[in-house]
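Survey of secondary and tertiary structure
Below, each chain spelled out in residue letters.
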Amino acid sequence: PHGRLFRDKMQAEVFNLRVRRDARRVIDQEERDAAAGTMTEEPKLIYDPLPTDSPELIPGLLPESGTAGIVGETDTGKSLIACEIGSSLLTGEPLWGSIHPTRAIDKIVYILGEHTCQTVQGLFHRTQLPHAGKFYLIGPEHLHPYKALVIGGVQQSIAVDRLLRWTEGAGLIVFDPLGGFAQGLNTENDSASMRTLIDSMSLIATKHGSACLILSHMGKPRMDDAGNEIRRTSYAMRGTAQGKIAAAGE
């Protein structure tokens, strides 16, 4: 400890630590400045006239600029419904033969947090849905290593920025499933983390003025002491106990 070599190494290490400390301060200040930047859009006055156009792409189902959810148990047709909605919006054909979209759109981006693109491609081809326009698929193979939009309750800006670029020009953005875009211990059952995740997805759609459709598994039924399933009349999205989106029972 009293030798010259030790003192030289100590001084060099102190110097490096000071450089890293000051560099961290610079980065933190840049992030604070960016967060406090000017608004990109003018705030709205509450007494401005309401828009005259329909606020929904599909009446009663999908808002034109907002977030909707399809919630259900595994293998009950959530992805199929999303594909049917997408086909209806791209072709202008009525959904399920009866619900007419208010207008057609040119581009949809379907983002998969699980499985691969081929899974949804196979479903679409087997159903022989009418198709037109641009219906893009982005799978985990494209998203790696920035698939998670939220890790440990914290939004991942790199992942959000990538999807902002890839979804530009889309009239509808689909996320399938909700839990596939979050990482962390018990994240799917953490209301705060899932709220941050839904807000991140909504932000991506809002930046483009797009509709946002989120697919999610519903909460699991409880079991009684005898091992019998206790079913309820309604289930919420897993991890969203504060009621962001709810699912009708059976």
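Quick notes on the rules
- Residues numbered from 1 in each chain as written.
- Predicted model: local features only at pLDDT ≥ 70, side-chain atom pairs only at ≥ 80, totals over all residues.
- Heavy atoms only, no water.
- Phe/Tyr/Trp six-rings, centres within 6.5 Å; stacked < 30°, edge-to-face > 60°.
- Buried < 20%, exposed > 50% of the residue type's maximum accessible area, 1.4 Å probe, protein only.
- Pairing = 2+ DSSP bridges.
- Helix = DSSP H or I, 4+ residues; strand = E, 2+ residues; numbered from the N terminus.
- Axes fitted to C-alpha atoms, helices over the stretch in contact; angles between N-to-C directions.
- Salt bridge = Lys/Arg side-chain N within 4 Å of Asp/Glu carboxyl O.
- Left-handed = near helix turned anticlockwise from the far one by under 90°.
- Contact = heavy atoms within 4.5 Å.
- pLDDT = per-residue confidence, 0-100.

1. Here's the deal with the packing of aromatic side chains
For any two aromatic rings, the description comes down to two numbers: the centre-to-centre distance and the angle of the planes. Counting across every chain of the model gives three aromatic pairs. A ring pair is formed by F175 and F181, whose centres lie 5.5 Å apart and whose planes are at 90°; its orientation type is edge-to-face. We note that F175, like F181, is buried. Counting every residue linked through ring pairs, the aromatic cluster contains Y110, F124 and F135.

2. As for the sheet that holds strand β5 (residues 134-138)
With respect to topology, five strands assemble into an open sheet ordered β3-β10-β8-β4-β5, the strand pairing being parallel. The open sheet has two edge strands with one neighbour each: β3 (67-72) and β5. Ignoring strand direction, the axes of neighbouring strands in this sheet form an average angle of 15°.

3. Some details on the sheet that holds strand β9 (residues 182-183)
Reading across the sheet, the three strands line up as β7-β6-β9 and stay open at both edges, with mixed pairing between neighbours. Taken across any chain shown, the strands that pair with only one partner, and hence form the sheet edges, are β7 (154-155) and β9.

4. Things to note about the pattern of salt bridges
Taken as a whole and judged by the stated rule, the model has six salt bridges. The partner of D8 in a salt bridge is R4, and the shortest N-O contact between them spans 3.9 Å. Placement of both D8 and R4 in helix α1 (residues 4-35) is noted, with a separation of four residues, approximately one turn of the helix. Judged by its relative accessible area of 40%, D8 is partly exposed. Judged by its relative accessible area of 64%, R4 is exposed. Here R24 makes a salt bridge to D28, at a shortest N to O gap of 2.8 Å. Of the two residues, R24 and D28 both sit in helix α1, four residues apart, roughly one turn of that helix. Under the relative-accessibility criterion, R24 is labelled partly exposed at 42%. Taken together, the shared-partner salt bridges in this structure form one network comprising R21, D22 and R25.

5. Observations concerning unusual backbone geometry
Omega for the bond connecting H144 with P145 falls within 30 degrees of zero, at 5°, which places this linkage in the cis form. Note on placement: P145 falls in the loop between α4 (140-143) and β6 (150-151). Cis rather than trans, the peptide bond between D176 and P177 has omega equal to -10°. The residue P177 is located in the loop between β8 (172-176) and β9 in this model. The phi dihedral of N186 falls on the positive side, at around 55°, and the residue is not glycine. Position of N186 relative to the elements: it lies in the loop between β9 and α6 (191-208).

6. Things to note about the packing of helix α2 (residues 78-91) against helix α3 (residues 117-127)
At a minimum axis distance of 10 Å, the contact between α2 and α3 shows a crossing angle of 65°. Classified by chirality, the crossing of α3 by α2 is right-handed. For the pair α2 and α3, contact is made by S79, L80 and C83 and by V120, L123, F124 and T127, respectively.

7. Points about the pairing of β5
Bridge analysis of strand β4 (residues 107-112) against β5 gives five bridges, and the strand direction is parallel. By the bridge assignment for β5, K107 is matched with K134.

8. Some words on the confidence of the model for the chain
Put simply, the chain has an average pLDDT of 84, and 82% of its residues get 70 or more. Taken together, the stretch residues 239-250 has pLDDT below 50 and engages in 32 contacts with residues farther than four places along the chain or on a different chain.

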